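Structural overview
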Amino acid sequence: MTATEIEVSKSDAPNPSGYHEFSLGEFTFRRDEYFVYISWPTGNHMMSIDAFLRALQRDVAWDFFYGTVNFDSVFGTVNHYGTVDIFAGRFNDSYRKAELDYSENHATPEIRETFKSILSDWTNSTFDPFASPHETGAAWGIKNGDNDAAVTRRRVAARRMVTVPGDEEIRTDASGFPVNRHFLDVDQTEPVVEVEPGFEDDVAAFNLFAYLSRSDVTWNPSVVSQCKDSLFCPTTEEYILPIIHGNDRVEWFVQLTDQISWDVEDRDTGAIRSRVVMKAGDVCAMPADIRHQGYSPKRSMLLVWENNSADIPDLIASGKAPTYPVEF
Ligand code: PHB
Ligand code: FE
């Protein structure tokens, strides 16, 4: 199926707040001035619209990411890499015990197009769901234009390494990305590399801190280097990670600057497992059976290191590979 063949189920007319209503399978989605209302055959749920749009933006931009994207403790998606589950209460102990949890599986293009349409219709011109709350306006109110330029931003994804010929260029002032207010002290000088003739295609270096200091988005890892299945995905963080991520593999965090606090919970029940405070220079591995949400009081730089192998989720789910990375 291509995107053009997919019919998104959308109301003909907008509601009194000016927004269209959407459905996917048995799920329905409606927004008003402050909230989103989600319903399914065994229940319904509401979320603040700013939090919902921030989470929806990540789910769309990351094409459903690794494993589970919890928008909050009730609603979210699970990626099966070709199909996606959309669920309510599935990773919530109380919903499970009351047998009120509900889940549907959809072909990825179907849910992708539905989510993209909701994001476009429900985002007003004043709001950028990728920006830190301090650097954007409000999500509230009756429908007021759109911000398609922001919500369709292309994610930076290098195939080798940034600056190696054929890949993403470093952002400079000339590219229109100024240094962020919190990173004005970051050294902008670039390394000098003198390459032996014949190796121009393979040898390169760049100032990663300078590159990240110009990021205009928060909580949006971009791939800056790829070596087989090893992806370096640094990102700049401020305020709260808009999703609670339940991974299907181990991932490593390297705190490059400043500080992030992580709430770590059991992936399936939401029971609290730990709180991790990461300061500049700290490194940790998040196990494959947890979910986590980060809090960054000041804009910080975080390196997320992912193993992109398609084999890992099955190896972990079947117990052939452990949920943790290292035996000490
Ligand atoms: C994560 O869930 O591991 C994650 C997501 C987005 C970020 C950082 C970490 O910006
Ligand atoms: Fe994660």
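Right above here is the structure, for reference.
Residues numbered from 1 in each chain as written. Chains lettered and ligands numbered in written order. Predicted model: local features only at pLDDT ≥ 70, side-chain atom pairs only at ≥ 80, totals over all residues. Heavy atoms only, no water.

Points about the pairing of strand β17 (residues 290-307)
Two faces make up the sheet, and in a regular strand the side chains alternate between them. Counted only if it meets this: Buried, partly exposed and exposed residues are distinguished by accessible area as a fraction of the type maximum, computed with a 1.4 Å probe on protein chains only: under 20%, between the cut-offs, and over 50%, respectively. A helix here means a DSSP run of H or I that spans at least four residues, while a strand means a run of E at least two residues long, and both kinds are numbered starting from the N terminus. Two strands pair if DSSP finds at least two bridges between them.
With 13 of 18 residues buried, β17 lies mostly within the body of the structure. Two elements, strand β11 (residues 230-240) and β17, share 10 bridges in a ladder whose sense is antiparallel. Following the sheet pairing, C233 is matched in β17 by V304. Judged from the 2 bridges that link them, strand β12 (residues 244-246) and β17 form a sheet pairing that is antiparallel. Each bridged residue has a counterpart across the sheet, and for G246 the counterpart in β17 is R291. Relative to β17, strand β14 (residues 259-266) runs antiparallel, the two sharing 6 bridges. Bridge pairing in β17 places W262 opposite G294.

Overview of the site of ligand 1
This is how the line gets drawn: Definition of nearness: a residue and a molecule or strand are near each other if at least one heavy atom of the residue lies within 4 Å of the molecule or strand. Think of a polar contact as two N or O atoms within 3.5 Å of one another; within protein, one of them needs to be a possible hydrogen donor and the other a possible acceptor, and neighboring residues in sequence only count if both atoms come from side chains. Note on areas: Shrake-Rupley with a 1.4 Å probe; residue coverage comes only from the protein chains shown. Note on residue categories: nonpolar means Ala, Val, Leu, Ile, Met, Phe, Trp, Tyr, Cys or Pro, charged means Asp, Glu, Lys or Arg, and polar means any other residue, Gly included.
Taken together, 15 residues lie near ligand 1, and W219, E237, H245, E251 and H292 sit nearest. In this structure, an oxygen atom belonging to ligand 1 sits 2.9 Å away from a side-chain N or O atom of H245. The separation between an oxygen atom of ligand 1 and a polar side-chain atom of E251 is 2.7 Å. Within the complex, the protein chains bury 100% of what would otherwise be the 280 Å² of accessible surface of ligand 1. Where the shell around ligand 1 is concerned, the elements lending two or more residues are β11, β13 (251-255) and β17. Broken down by element, the residue count for the shell around ligand 1 peaks at 3 residues, all from β17. Considering only residue class, the shell around ligand 1 consists of 9 nonpolar, 4 polar and 2 charged.

Details of the coordination of the iron ion (ligand 2)
Put simply, the rule is: The donor definition counts N, O and S atoms within 2.8 Å of each metal and applies 3.2 Å to Na, K and Ca; water is not among these atoms, so some sites may look incomplete.
The coordination sphere of the iron ion (ligand 2), as far as protein atoms go, consists of H245 (ND1), E251 (OE) and H292 (NE2), spread over 1.8 to 2.1 Å. Each donor residue of the iron ion (ligand 2) belongs to the same chain, with the gaps between them written as H-x5-E-x40-H. With E251 in strand β13 and H292 in strand β17, the pair connects residues that are 41 residues apart, well separated along the chain. Just as E251 is buried, H292 falls in that class too.

What about the environment of T163?
Along the chain, T163 turns up in the loop between α4 (148-151) and α5 (208-213). On the basis of relative accessibility, which here comes to 23%, the residue T163 falls in the partly exposed class. Separated by 95 residues in sequence, T163 and T68 place their C-alpha atoms 32 Å apart.

Re the state of the cysteines
Condition: Cysteine sulfur atoms that come within 2.5 Å of each other are treated as a disulfide pair.
Under the criterion given, the structure shown has 0 disulfides. Cysteine C233 shares no disulfide, and the gap to the nearest cysteine sulfur, in C227, comes to 13 Å. Overall, C233 belongs to the buried group, its relative accessible area being 4%. In this structure C284 is a free cysteine whose sulfur lies 15 Å from that of C233, the closest cysteine sulfur available.

Comments concerning the nonpolar core
To be explicit about the condition: Only buried residues count toward a nonpolar core. Its members are Ala, Val, Leu, Ile, Met, Phe, Trp, Tyr and Cys residues joined through side-chain atoms within 4.5 Å. Should any heavy atoms of two residues lie within 4.5 Å, those residues are counted as being in contact.
F29, F52, F115, W122 and W262 are the most contacted members of the largest nonpolar core, which has 51 residues in total. Here this core takes 6 residues from helix α1 (residues 49-61), the largest share from any one element. When neighbours within four sequence positions are excluded, F115 is seen to be in contact with F29, L56, D59, V60, F64, F71, F75, T77 and I86. In terms of nonpolar packing, the next biggest core, distinct from the first, is built from 10 residues, V156, L212, V224 and M301 among them.

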